[in-house]
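# What the coordinates show
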Amino acid sequence: MDTDTIKVALVNVSTDYTYSAAHQYKSSVTSYSGTTDQTLTSPTVALGVFDAADSTFTSVAISGAKTVQALVVYKDTGSAATSPLIAYIDGFTAITPNGGNITVTWDNGAAKIFAL
């Protein structure tokens, strides 16, 4: 994973996307309206733990009353139909976009982005 193009997408689960363990590819996931999925920079894998530099989504547009409620990490192959999903991350306080930046600060503890 540290040599692949790994991206993260902001997701609204109230109206745009419902998690399913059956989903395999990015084509099953609707990113938050008006955002560009971000490429994770400085990815590392050590002892089964994946990490990367923090990610910043710039000028996240307001899309009605929608909030950002989850993140989806995936390997970008250049086609959403073949880009495998890696992780679905939720459990944080929903973020209400206001037209500004949203910075995803990955955990600096032992688990980082995720641990296997």
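Keep in mind it's a predicted model, so treat the numbers as computed, not measured. (Residues numbered from 1 in each chain as written. Predicted model: local features only at pLDDT ≥ 70, side-chain atom pairs only at ≥ 80, totals over all residues. Heavy atoms only, no water.)

### Regarding the environment of alanine 70
Examined against the element boundaries, alanine 70 turns out to sit in strand S6 (residues 70-75). Taking the relative accessible area as the measure of exposure, alanine 70 reaches 0% and is therefore buried. Distance in space between the C-alpha atoms of alanine 70 and tyrosine 19 is 9.7 Å, their sequence separation being 51 residues. Discounting chain neighbours no more than four positions away, the residues touching alanine 70 are Ala9, Leu10, Val11, Val13, Tyr88, Ile89, Asp90 and Phe92. (Helix = DSSP H or I, 4+ residues; strand = E, 2+ residues; numbered from the N terminus. Buried < 20%, exposed > 50% of the residue type's maximum accessible area, 1.4 Å probe, protein only. Contact = heavy atoms within 4.5 Å.)

### Some remarks on the pairing of strand S1 (residues 6-11)
Counting buried residues along S1, six of its six residues qualify, which places the element largely inside the surrounding structure. In S1, alternate side chains face the same way, and those of Ile6, Val8 and Leu10 on one face and Lys7, Ala9 and Val11 on the other are all buried. Bridge analysis of S1 against S6 gives six bridges, and the strand direction is antiparallel. Across the sheet, alanine 9 pairs through a bridge with valine 72, a residue of S6. Bridge analysis of S1 against strand S2 (residues 38-39) gives two bridges, and the strand direction is antiparallel. Its bridge partner being in S2, valine 8 is matched across the sheet by glutamine 38. (Pairing = 2+ DSSP bridges.)

### Topic: the pattern of salt bridges
One pass over the structure, following the stated rule, counts four salt bridges. Two residues, aspartate 16 and lysine 66, come together in a salt bridge whose shortest N-O distance is 3.0 Å. One end of the pair, aspartate 16, is in the loop between S1 and S2; the other, lysine 66, is in the loop between strand S5 (55-57) and S6, and 50 residues separate them in sequence. On the accessibility criterion, aspartate 16 (22% relative accessible area) is partly exposed. (Salt bridge = Lys/Arg side-chain N within 4 Å of Asp/Glu carboxyl O.)

### Let's talk about the confidence of the model for the protein
Across the protein, pLDDT averages 94, with 100% of residues at or above 70. Mean pLDDT across the elements of the protein ranges from a minimum in strand S9 (residues 114-115), with 91, to a maximum in S6, with 97. (pLDDT = per-residue confidence, 0-100.)

### Quick look at the sheet that holds S1
Sheet architecture is open: four strands sit in the order S2-S1-S6-S7, paired in antiparallel fashion. The sheet terminates laterally at S2 and strand S7 (85-89), the two strands that pair on one side only. Where S6 meets S7, four bridges bridge the pair, whose relative direction is antiparallel. Its bridge partner being in S7, leucine 71 is matched across the sheet by isoleucine 89.

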